[in-house]
Structures are given as C-alpha cells and as structure tokens.
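As a plain string of letters, each chain reads:
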Amino acid sequence: MRLTFRLSLSLICAVAAVSLAFALFQTRADTQGLRRNLESHAQVLAESLVRSAEPLTARHANRDLQRLVDRFKDREQIAGVSVYDADGKPLAITSGFTRRVGDDPALLPKSGAEVTPVERFVKLATGTIHIVTLPLGEDATVIGTLSLF
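Chemist: Teacher, can you tell me more about the overall build of the chain here?
Modeler: Each helix and strand in the chain was counted, giving three helices and five strands. Along the chain, from the amino end to the carboxyl end, the secondary structure elements read α-α-β-β-α-β-β-β. Since a compact globule built from 149 residues should have a radius of gyration of about 15 Å, the 23 Å found for the chain marks it as more spread out than a globular shape. Judged by the C-alpha coordinates and their principal axes, the chain covers about 85 × 30 × 25 Å.

Pasting the structure below:
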C-alpha cells in the first residue's frame, strides 16, 4: 500500500510538472506572437499617419494636425498619437492622452528629431505601453516626429 501511494504521488507530481512547463512555454510563445503582431500593426498604422501628418506639419496646419490626432482619442487599443516638431516641442497630442496614460517623461521623444524609426515597450505605473516613433520629413530634412502609443 505504501509503495503504491508513493508511486502514484510521484506520477502525479511528474505529470503536473510537465503540464506546468508546457503551459509556461505555450504562454511565452503566445505572448511573443502577440507582441510581433502588435509591432507590425502599429508600424503600418504609424506609417499611414506619417503620410497624412507630413504635409500638415510642413504647412504648419496645427489645427488640422490636432484634428488628425484626435481621431484616436476614443480608441481602446490606441492610447494616443503625438506630433513633435524638429526641436521636440509638441505640435499636436491626442486629447485626454495624459489622463489615460499619465505624463511620464519616458513617453517623450528623445531630444531632437529622430532620424530613424524607434519601436519600444515602456513600463509605466499603469502598465506597459508600446511606442512607435517615426520621423516626419520634407524632401531630405526631418521636420518632426510622430509617436503612436
């Protein structure tokens, strides 16, 4: 009876350990797949927004630029969009963005306009947020940046 009990307990523990390891592996694989999917969709949306925002930024049409970024204020999946000039000063930010995410300095673009696209995950007090920052250009010069959160 004792031997049967020990064998049964060992078998149950082994099956539980294998099941736990498989579940952890599967969860990690799913999380990585979701991150890749998020990155690709965010990149496509940001590139589309850059094509719309470049002429408005070049013309200094800040009111139209604000209307463009405010289209994303009520989206569940998108926290907001911000457009900065070449000096890093905000031109347009989605209304209610700071209320949804906060005003963490990690969300601001680096000083000066970004020449290359930047994608990163930032940990905030409220959770983790994905940021895509793309340069806005006119001819060969960088006139600003667009960030999608």
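Chemist: So what exactly am I meant to see when it comes to unusual backbone geometry here?
Modeler: Glycine aside, negative phi is the norm for most residues, and most peptide bonds take the trans geometry. In this structure, H60 takes a positive phi of about 60° despite not being glycine. Its location among the elements puts H60 in the loop between α1 (2-58) and α2 (62-70).

Chemist: What am I meant to see in the packing of aromatic side chains here?
Modeler: Two measures describe an aromatic ring pair: the distance that separates the ring centres and the angle between the ring planes. Summed over all chains, the structure comprises one aromatic pair. Seen in terms of ring centroids, F97 and F149 are 4.6 Å apart; in terms of plane orientation they differ by 40°. Their pairing is tilted. Taken together, the residues span a long stretch of sequence, with F97 in helix α3 (residues 97-101) and F149 in the segment after β5 (141-148) at a distance of 52 residues. Sitting over the ring of F121, R35 keeps its end group 4.0 Å from the ring centre.

Chemist: What's the story with the nonpolar core in this structure? I'm lost.
Modeler: If you look at soluble globular proteins, the nonpolar side chains tend to sit buried side by side. Core analysis: the largest hydrophobic core is formed by 21 residues, its most contacted members being L49, L65, V81, L136, L146 and L148. The set of elements that each furnish at least two residues to this core consists of α1, α2, β1 (81-85), β4 (127-138) and β5. Not counting chain neighbours up to four residues away, the residues in contact with V81 comprise L49, V69, F72, A92, I93, T94, L146, S147, L148 and F149. Listed in part, the eight residues of the second largest apolar core include F97, V122, L124 and I131.

Chemist: For this particular structure, what's the right way to read the pairing of β4?
Modeler: Remember that side chains alternate between the two faces of the sheet whenever the strand is regular. Relative to β4, strand β3 (residues 118-124) runs antiparallel, the two being bridged by seven bridges. Bridged to V118 within β4 is T133. Counting the residues between successive antiparallel strands, the hairpin from β3 to β4 contains two residues. In the sheet, β4 pairs with β5 via seven bridges, with the strands oriented antiparallel. Within the sheet, the bridge partner assigned to L136 lies in β5 and is G144. The hairpin formed by β4 and β5 contains two residues between the paired strands, and D139 there has a positive phi angle of roughly 60°.

Reading the values: rules and limits
- Residues numbered from 1 in each chain as written.
- Predicted model: local features only at pLDDT ≥ 70, side-chain atom pairs only at ≥ 80, totals over all residues.
- Heavy atoms only, no water.
- Helix = DSSP H or I, 4+ residues; strand = E, 2+ residues; numbered from the N terminus.
- Rg over C-alpha atoms; globule rule 2.2 N^0.38 Å.
- Phe/Tyr/Trp six-rings, centres within 6.5 Å; stacked < 30°, edge-to-face > 60°.
- Lys NZ or Arg CZ within 6 Å of the ring centre and 35° of its normal.
- Core = buried A, V, L, I, M, F, W, Y, C linked by side-chain atoms within 4.5 Å.
- Buried < 20%, exposed > 50% of the residue type's maximum accessible area, 1.4 Å probe, protein only.
- Contact = heavy atoms within 4.5 Å.
- Pairing = 2+ DSSP bridges.

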